[in-house]
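# Report on the structure
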Amino acid sequence: MADNLPSEFDVVVIGTGLPESIIAAACSRSGQRVLHVDSRNYYGGNWASFSFSGLSSWIKENQQKTDISEESEDWRKLILETEEAICLNKKDKTIQNVEDVCYASQDLAEDVKEAGALPNLPDFEASETSEAAQESEKECLPVESQSLGTASCEISSERIIGNDPGSTTERKDAEMTSERENLCDVTSDQSPLETGKTETISTTEAAALEPKKITYTQIVKEGRRFNIDLVSKLLYSRGLLIDLLMKSNVSRYAEFKNVTRILTFQEERVEQVPCSRADVFNSKQLTMVEKRMLMKFLTFCLDYEQHPDAYQDYKEYKFSEYLKTQKLTAKLQHFILHSIAMVSAADSNTIEGLKATKNFLQCLGRYGNTPFLFPLYGQGEIPQCFCRMCAVFGGIYCLRHSVQCLVVDKESGRCKAIIDHFGQRINANYFVVEDSYLSEETCTDVCYRQISRAVLITDQSVLKTDSDQQISILIVPPMELGQPAVRIIELCSSTMTCMKNTYLVHFTSSSTKTAKEDLEPVVQKLFTLNAETERESKNGGLEKPRVLWAVYFNMRDSSGIDRNSYDHLPSNVYVCSGPDSALGNDYAVKQAETLFQEMFPNEEFCPSPPNPEDIIYDGDGTPPEDPRFSNSSNMKTEPLSEESSDENSYKISEEHHKE
């Protein structure tokens, strides 16, 4: 296989997280020869999304934390006397304290498997046998099939898009079988004898009125319908990532849904926050006086720069203290601080709070009644979209392809090449490396922060309404002094991230302890952990949704680290950080653009694709039939026409939205 890879590239990118994938796409789009490799068997790194079985495998891998067995170091023979090697990590150490708990009824037989699941692929790094090498060779895309020109824009989805092997096929199957899902859900936990029994009409009606109980068996069997993100984020409708997706036309590879609700947790209950003008005046939570107060303050925030006298004296104040001076009630202050500005009460000053509030308001109404979009099938789709763009313009992709070291010239101090696990030496001018691949020796002086994460599968929404297809964001204020706020994003089945009759709930906060210690107190306030306990409220319904399954873990936050913190890093090696704790993706986009401009200062960053009429073709000059390269001058959103479409679903196109 090694002989099939060229030995010369312009850029080698190691890791397939969001910033690395954006850089690879930008380099390939500008005409650079790009090799994009990842030692994992899935795209995205810590930005990835998994099916339930895929996440279960990921959990086991990170719980074991076994050291890599001693490998042959024959590759060191390829290092010349005038060179030195910077070894890279073979094991990802960015995830810690992984704990998973099943609260649903565990009637699972050992042989029950995810419907349509493929057999697990071998871990390449655990073996050096020729058989493992052959498996890796299958995953690495052939040079001829991947080095595509601009005239060939169709990429095999099995090759490019997929979080784990066969995921694209699984997703299509999941969509095509949606009509059969209700029947499967009802009968999946019944034996053939039970389904054959004759039931009276009264028994059937009584069963229909009871809340649907989801068992662990059903979760495993329907595991393909889950797309569980390792990192929980949303896209601001006027954020940098949306702008980049439209500018580069990468948006044609993805679909989005509008977040439908913004919630708040106050006085031990969850309630919806009015955001738009219509929501404010239709709200029954606020008095008429409060509505006028809120509208007046939000109107001021939209152009607060034009009225510096109103906040100059409070610039050094905390935003929470500034709100107290604005004749706002305690409820309005809570709404603005935690659900509109979404800033820290302890750390954010007045200017930061006003800027965040203005950004929120400017994003309202572009694609829906909230400022946020969520990608169908999860956040892990976004890195894959940019990987596809890179492949369209000739980039070569290899998963399960680990890199032994960077080869550095002693005299110039520049990196010259990499040596992969096959012992092939691959030369390049620039190298982009995900932070997790750098060894402990290189990161001795680096101080990392940690993110606490939890993912829950629940049976009901945190705030029940007439519609069960709600996408919600909720900020829970710190429960004790010195603790961080907890951000919660609740996803319904129409986002293609969970099975019907369940919700996927993501918890995120800055770490002070282990993820479970940080987040479980908040989980207990909002959910019932014992699935067998049904607490009856006054109206006869369940007080809280039940947690069926949960996983907690801490993830390294490597954002904001100065380049000089890394020891002996060559000048042409650029480090990309993993996910940060922010709600949006602006940091990753800014980082990708900054590093690209450092490498190629005279090139445009991810320019729009050319019109078919402007392309000069070799040979017979036959243009491609795919109309998706059109580059018109207006921006619009198109409602989806597929099975998942509704009034909150969008296909973002490269046409200018009327401002």
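Residues numbered from 1 in each chain as written. Predicted model: local features only at pLDDT ≥ 70, side-chain atom pairs only at ≥ 80, totals over all residues. Heavy atoms only, no water.

## Considerations on unusual backbone geometry
The general pattern is negative phi for most residues beyond glycine and trans for most peptide bonds. So the rule is basically this: Helix and strand definitions follow DSSP, with helices as H or I runs of at least four residues and strands as E runs of at least two, each counted in order from the N terminus. With a 1.4 Å probe rolled over the protein chains alone, any residue whose accessible area is under 20% of its type maximum counts as buried; one over 50% counts as exposed, and the rest are partly exposed.
Phi angles above zero are rare outside glycine, and Asn97 is one such case at about 55 degrees. Within the fold, Asn97 resides in strand 5 (residues 95-102). Phi at His568 takes a positive value of approximately 55 degrees, unusual for a residue other than glycine. Accessibility expressed as a relative area gives 74% for His568, which makes it exposed.

## So, the sheet that holds strand 2 (residues 34-37)
Note the following rule: We treat two strands as partners when DSSP finds at least two bridges between them. Between N-to-C directions, angles cover 0 to 180 degrees, with each direction set by a line fitted to C-alpha atoms, over the stretch in contact for helices. It only takes one pair of heavy atoms within 4.5 Å for two residues to be counted as in contact.
Ordered by their spatial adjacency, five strands build an open sheet running 12-2-1-16-22, and the pairing between neighbours is parallel. The sheet is open, and its two borders are formed by strand 12 (396-398) and strand 22 (573-576), each paired with just one other strand. The mean inter-strand angle of the sheet, taken between neighbouring strand axes irrespective of direction, is 15 degrees. Summarising the sheet, strand 1 (residues 11-14) and strand 2 pair through four bridges and their orientation is parallel. Bridge pairing links Ile14 to Val37 in strand 2. Contacts from helix 1 (residues 18-29) reach strand 1, strand 2, strand 12, strand 16 (430-434) and strand 22 within the one sheet, and its direction differs from that of strand 2 by about 160 degrees. Its contacts with the sheet put helix 19 (residues 586-599) on strand 16 and strand 22, and the angle it makes with strand 22 is roughly 175 degrees.

## Some details on the pattern of salt bridges
Two side chains of opposite charge can pair, provided their charged atoms sit close to one another. Put simply, the rule is: The rule for a salt bridge is simple: a side-chain nitrogen of Lys or Arg has to be within 4 Å of a carboxyl oxygen of Asp or Glu.
Taken as a whole, this structure holds 19 salt bridges when the rule is applied. Between Lys516 and Glu99 there is a salt bridge, with the nearest N and O atoms lying 3.7 Å from each other. You can see Lys516 sitting in helix 18 (residues 515-526) and its partner Glu99 sitting in strand 5, a full 417 residues away along the chain. The partner of Asp557 in a salt bridge is Arg449, and the shortest N-O contact between them spans 3.5 Å. Of this pair, Asp557 sits in strand 21 (residues 547-557) while Arg449 sits in strand 17 (residues 449-458), placing them 108 residues apart in sequence.

## Notes on the nonpolar core
The following threshold applies: Working definition of a nonpolar core: buried Ala, Val, Leu, Ile, Met, Phe, Trp, Tyr and Cys residues. They are joined through side-chain atoms within 4.5 Å.
Counting residues in each nonpolar core, the largest one holds 94 residues, and the members touching the most others are Phe297, Phe319, Phe372 and Phe507. Examining the composition of this core, we find that eight residues originate from one element, strand 21, more than from any other. Ignoring anything within four residues of it in the chain, the contact list for Phe507 reads Ser452, Arg453, Ala454, Leu456, Val486, Arg487, Ile488, Leu519, Val522, Val523 and Phe527. Counting residues in hydrophobic clusters, the runner-up holds 49 residues, among them Ala24, Tyr43, Tyr253 and Leu399.

## Some words on the sheet that holds strand 20 (residues 503-510)
In space, the eight strands of this open sheet follow the order 5-21-17-20-19-18-9-10, with mixed pairing throughout. Among the strands making up the open sheet, the edge pair consists of strand 5 and strand 10 (269-272). Across this sheet, the average inter-strand angle for adjacent strands is 20 degrees, counted without regard to direction. For strand 5 and strand 21, the ladder comprises six bridges, and the chain directions are antiparallel. Among the inter-strand pairings, Ile95 is bridged to a residue of strand 21, identified as Met555. Strand contacts of helix 15 (residues 330-340): strand 9 (261-266), strand 10 and strand 18 (472-476), with the helix running at about 125 degrees to strand 9, the strand carrying the most contacts.

## Examining the side chain of Lys233
Filter applied, for reference: Counting of polar contacts relies on pairs of N or O atoms within 3.5 Å, with two restrictions inside protein: one atom must be capable of donating a hydrogen and the other of accepting it, and residues adjacent in sequence are counted only when both atoms are side-chain atoms.
The residue Lys233 is located in the loop between strand 6 (228-229) and strand 7 (235-236) in this model. Classification of Lys233 as buried rests on a relative accessible area of 1%. Here Gly584 takes part through its backbone oxygen, which lies 3.0 Å from a polar atom of the side chain of Lys233. Look past the residues within four positions of Lys233 in its chain and what remains in contact with it is Trp47, Phe374, Gln379, Ile489, Asp580, Ser581, Ala582, Leu583, Gly584 and Asn585.

## So, the pairing of strand 11 (residues 372-375)
Alternating residues of strand 11 divide into Phe372 and Phe374 and Leu373 and Pro375, and every residue in both groups is buried. Note that strand 7 and strand 11 share two bridges and pair antiparallel. Across the sheet, Tyr236 pairs through a bridge with Phe372, a residue of strand 11. Pairing of strand 8 (residues 256-258) with strand 11, which is carried by three bridges, proceeds in the antiparallel orientation. Bridge pairing in strand 11 places Lys257 opposite Phe374.

## Some thoughts on helix 17 (residues 381-392)
Our working rule: Helix span, expected: 1.5 Å multiplied by one less than the number of residues in the helix.
The first and last C-alpha atoms of helix 17 sit 17 Å apart over twelve residues, in line with the 16 Å expected at 1.5 Å per residue. Among the twelve residues that make up helix 17, twelve are buried, leaving the element largely enclosed by the rest of the structure. Listed in full, the buried residues belonging to helix 17 are Glu381, Ile382, Pro383, Gln384, Cys385, Phe386, Cys387, Arg388, Met389, Cys390, Ala391 and Val392. Among the residues trailing helix 17, Gly394 stands out with phi positive, at a value near 105 degrees.

## As for the confidence of the model for the protein
In plain terms, the rule: Confidence scores per residue from the predictor, reported as pLDDT, run from 0 to 100.
Averaged over all residues, the pLDDT of the protein equals 80, while 73% of them reach at least 70. Across the protein, strand 6 holds the top mean pLDDT of 98, while helix 5 (residues 157-160) sits lowest at 34. Confidence drops under pLDDT 50 across residues 205-209; counting only partners more than four residues distant or on other chains, this segment forms zero contacts. Within the model, the stretch residues 623-645 combines pLDDT values under 50 with 65 contacts to residues more than four positions away or in other chains.

## Quick notes on the packing of helix 1 against helix 19
The following threshold applies: When describing relative orientation, an angle under 35 degrees is termed roughly parallel and one over 145 degrees roughly antiparallel, while 65 to 115 degrees is termed roughly perpendicular and anything else oblique. Helix crossings are classified by the rotation of the near helix relative to the far one: an anticlockwise turn of less than a right angle makes the crossing left-handed, while a clockwise turn makes it right-handed. Under the convention adopted here, Pro, Cys and the residues Ala, Val, Leu, Ile, Met, Phe, Trp and Tyr are nonpolar, Asp, Glu, Lys and Arg are charged, and Gly plus all remaining residues are polar.
The contact between helix 1 and helix 19 brings their axes to 9 Å, and the two run at 40 degrees. Classified by the interaxial angle, the pair formed by helix 1 and helix 19 is oblique. At the point where helix 1 passes helix 19, the crossing takes the right-handed sense. Note on element contacts: helix 19 touches helix 1 through Ala588, Val589, Gln591, Ala592, Leu595, Phe596 and Met599, opposite Leu18, Pro19, Ile22, Ile23, Ala26 and Cys27. Of the residues that constitute the contact of helix 1 with helix 19, the class distribution is twelve nonpolar, one polar and no charged.

## Looking at helix 13 (residues 288-302)
For helix 13, spanning 15 residues, the distance from its first C-alpha to its last is 22 Å, which sits close to the expected 21 Å at 1.5 Å a residue. Structurally, helix 13 contributes buried residues whose contacts are with helix 12 (277-282), helix 14 (319-324), helix 15 and helix 16 (350-363).

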